[in-house]
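Close look at the chain arrangement
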Amino acid sequence: MPKIAVIGGFLGAGKTTTILESAKRLARSGRQVGIITNDQGEELVDTKIARDLGFASSEVPGGCFCCQFPDFIASIQRLLKEREPEIILAEPVGSCADVPASIHEPLRKFYRDLEIAPPIVIVDALQLHRLSESASSTSNPIEYLISSQIREAGILAVNKIDLVPKEKLEDVKSRLKKLNPEAEMIEISAKKGTGLDTLIQHILSLEYKRSSYPEVDYKAYGAAEAELGWLNGSWEIAAEKRFNVERFLSDLLTGIAEKVKERKGEVAHIKAYFTDGRGSTKASLVMSGQDVEFTQALPEEIEEGVMIVNARVRIKPAELAKCVSESLEAISSKHHVRCRELKVESFSPLQPQPHHRFIKLIS
Ligand SMILES: Nc1nc2c(ncn2[C@@H]2O[C@H](COP(=O)(O)OP(=O)(O)OP(=O)(O)O)[C@@H](O)[C@H]2O)c(=O)[nH]1
Ligand SMILES: [Mg+2]
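Below is a short write-up of the structure. (Residues numbered from 1 in each chain as written. Chains lettered and ligands numbered in written order. Predicted model: local features only at pLDDT ≥ 70, side-chain atom pairs only at ≥ 80, totals over all residues. Heavy atoms only, no water.)

With 60 residues, the main nonpolar core has I4, I36, F72, I76 and L107 as its most contacted residues. Ranked by residues supplied to this core, first place goes to helix α3 (residues 69-83) with six residues. Those residues in contact with L107 that sit more than four places away from it in its chain are I4, F69, F72, I73, I76, R112 and I116. Counting residues in hydrophobic clusters, the runner-up holds 33 residues, among them F274, I315, I331 and V337. (Core = buried A, V, L, I, M, F, W, Y, C linked by side-chain atoms within 4.5 Å. Buried < 20%, exposed > 50% of the residue type's maximum accessible area, 1.4 Å probe, protein only. Helix = DSSP H or I, 4+ residues; strand = E, 2+ residues; numbered from the N terminus. Contact = heavy atoms within 4.5 Å.)

Here we come to the packing of aromatic side chains. One pass over the structure, following the stated rule, counts six aromatic pairs. Centre to centre, the rings of F110 and F358 are 6.1 Å apart; their planes meet at 55°, and the pair counts as tilted. Of the two residues, F110 sits in helix α4 (residues 99-110) while F358 sits in the segment after β14 (337-347), which places them 248 residues apart along the sequence. For the pair F243 and F274, a centre-to-centre distance of 6.2 Å together with 75° between the ring planes defines the contact as edge-to-face. A residue pair is termed long-range when its members are at least 10 positions apart, and F243 in strand β9 (residues 229-244) and F274 in strand β10 (residues 266-275) qualify at 31 residues. For the pair shown, F243 and F274 are each scored as buried. (Phe/Tyr/Trp six-rings, centres within 6.5 Å; stacked < 30°, edge-to-face > 60°.)

Every protein donor of the magnesium ion (ligand 2) is listed here as T16 (OG1), D46 (OD) and E91 (OE), and their distances to the metal cover 2.1 to 2.2 Å. On the primary sequence, the residues serving as donors to the magnesium ion (ligand 2) are separated as T-x29-D-x44-E. On the criterion of sequence distance, the pair formed by T16 in helix α1 (residues 15-28) and D46 in helix α2 (residues 45-52) is long-range, its members being 30 residues apart. Each member of the pair, T16 as well as D46, is classed as buried. (Donors = N, O, S within 2.8 Å, 3.2 Å for Na, K, Ca; no water.)

Taken together, 24 residues sit near ligand 1, with K15, T17, D162, H269 and K282 positioned nearest. K160 is positioned such that a nitrogen or oxygen atom in its side chain is 3.1 Å from an oxygen atom of ligand 1. Look at ligand 1: alone it shows 650 Å² of surface, and the protein chains cover 97% of it. When residues of the shell around ligand 1 are traced back to their parent elements, those giving at least two are α1, β10 and β11 (280-286). Its residues assigned to classes, the shell around ligand 1 shows six nonpolar, nine polar and nine charged. (Near = heavy atom within 4 Å. Polar contact = N/O pair within 3.5 Å; in protein donor to acceptor, adjacent residues only side chain to side chain. Areas by Shrake-Rupley, 256 points an atom, 1.4 Å probe, with all protein chains shown as cover. Nonpolar A, V, L, I, M, F, W, Y, C, P; charged D, E, K, R; others polar.)

Another aspect to go through is the sheet that holds β10. Across the sheet, which stays open at both edges, the six strands sit in the order β12-β11-β10-β13-β9-β14 with antiparallel pairing between neighbours. Both outer strands of the open sheet, β12 (293-295) and β14, are each paired with one neighbouring strand and no more. Adjacent strand axes in the sheet meet at a mean angle of 20° when their direction is disregarded. Inspection of the sheet shows β9 paired to strand β13 (residues 301-314) by 12 bridges, in the antiparallel sense. Its bridge partner lying in β13, I237 is registered against G305. (Pairing = 2+ DSSP bridges. Axes fitted to C-alpha atoms, helices over the stretch in contact; angles between N-to-C directions.)

Let's shift gears to helix α6 (residues 141-151). Of all the 11 residues making up α6, 10 are buried; the element is thus mostly covered by neighbouring parts of the structure. Within the sequence span of α6, burial applies to P141, I142, E143, Y144, L145, I146, S147, S148, Q149 and I150.

In contact at an axis separation of 11 Å, α3 and α4 are set at 55° when each is read in the N-to-C sense. By the criterion of interaxial angle, the relationship of α3 to α4 is oblique. By crossing handedness, the relation of α3 to α4 is classed as right-handed. Only S102, I103, P106 and L107 of α4 make contact with α3, whose side of the interface consists of F69, F72, I73 and I76. Of the residues that constitute the contact of α3 with α4, the class distribution is seven nonpolar, one polar and no charged. (Parallel < 35°, antiparallel > 145°, perpendicular 65-115°, else oblique. Left-handed = near helix turned anticlockwise from the far one by under 90°.)

Moving on to the side chain of D46. A relative accessible area of 8% means that D46 is categorised as buried. At 2.8 Å, the side chain of D46 forms a polar contact with the side chain of T16. Ignoring sequence-local partners within four residues, the contact set of D46 consists of T16, T37, E91, K271 and K282.

What follows is about the pairing of strand β2 (residues 33-38). Among the six residues in β2, six count as buried, and that is most of the element. Alternating residues of β2 divide into V33, I35 and T37 and G34, I36 and N38, and every residue in both groups is buried. With four bridges connecting them, β2 and strand β4 (residues 87-90) associate as parallel partners. Paired with V33 across the bridge in β4 is I87. Two elements, β2 and strand β3 (residues 56-60), share five bridges in a ladder whose sense is parallel. When the bridges of β3 are listed, N38 appears paired with V60.

Glancing now at the environment of T198. On the secondary structure map, T198 appears in helix α8 (residues 196-205). Relative accessible area serves as the criterion here: at 38%, T198 is assigned to the partly exposed category. Along the sequence, T198 and E187 sit 11 residues apart, while their C-alpha atoms lie 9.1 Å from each other.

So, on to the environment of E326. Take E326: it is sitting in helix α11 (residues 317-335). Sequence separation between E326 and L252 is 74 residues; the distance between their C-alpha atoms is 10.0 Å. Excluding its chain neighbours within four sequence positions, the residues that come into contact with E326 are K259 and R263.

This is the structure:
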């Protein structure tokens, strides 16, 4: 029977990197893998990069898996019919919580032709020290959202261990243990590949079991999502002469982050995808202060292509749109590049309304 693993965690924690690197390993061991991506909007960097790497993939746009559950099921069925994967790795939106009640339980109840791995949550080890001791209270909605994700995990994968010293990692793990003593905890560096074989082993061997999990306060959950601005946009890019795409994307993401900071916002994750039709690259900037990082390389100098930007920032959507357009204008002129807007949408996620929600509370 095919198996599905839902790999969640906050924005920029490393879900896509974990999924793609695990998928490569699974493919190398001869297993057919399918990937399902998900977002509040359309034009997704993560879907493009998964497809460019040659994986069978499907996308659920326009809301999280739980609010778009019928589309999620349709995606699973399409992948199973067309590509017959043995393993499906599904990435819910990084602001999604209450995942066992609204994804695993409905899958278990209504879709019996799939084995289901326990809920996997990727945690950014660099980020976690920023969570206050009172993170599981509802007073700070975004902290509450992150701590809810941690508390509902069956497997907690502490990621980016290549970036944190040993003592700090021990501190992160003891904080996680306090929030969720039951979860299986593993250390990984999705980027370097450390711990991924263990994660894959857990995905293949462990089963989701109905258990108790903490109730999510939908008022605080909705408030956390409402604090975030989302922007998805695409542009055609052309230059008089060849330009360096990595420098252009790096300047653009850094420029957007500076504008966000000037307006007292906070970056969760800004990512950009660029393709010249022959190859592609993804650039990422996350809030923990890492430099702009690239997945895959393009030829250094090219003349034209299409760019997609997905920005998730703690700021009003209209302000975010200004940060992106002002930065794009300045950086285009610096690199002597012309940008033609194809589509841009900016918004805050709506109050989450899962299609199904089965709760069994911790007593
Ligand atoms: N150093 C290091 N960087 C990592 C690791 N895992 C992910 N990253 C980087 O973190 C950034 C975000 O990674 P993604 O995999 O796109 O994160 P995500 O959770 O899918 O983000 P969203 O889809 O926006 O929620 C990228 O720059 C990655 O290269 C890791 O183990 N070590
Ligand atoms: Mg992702």
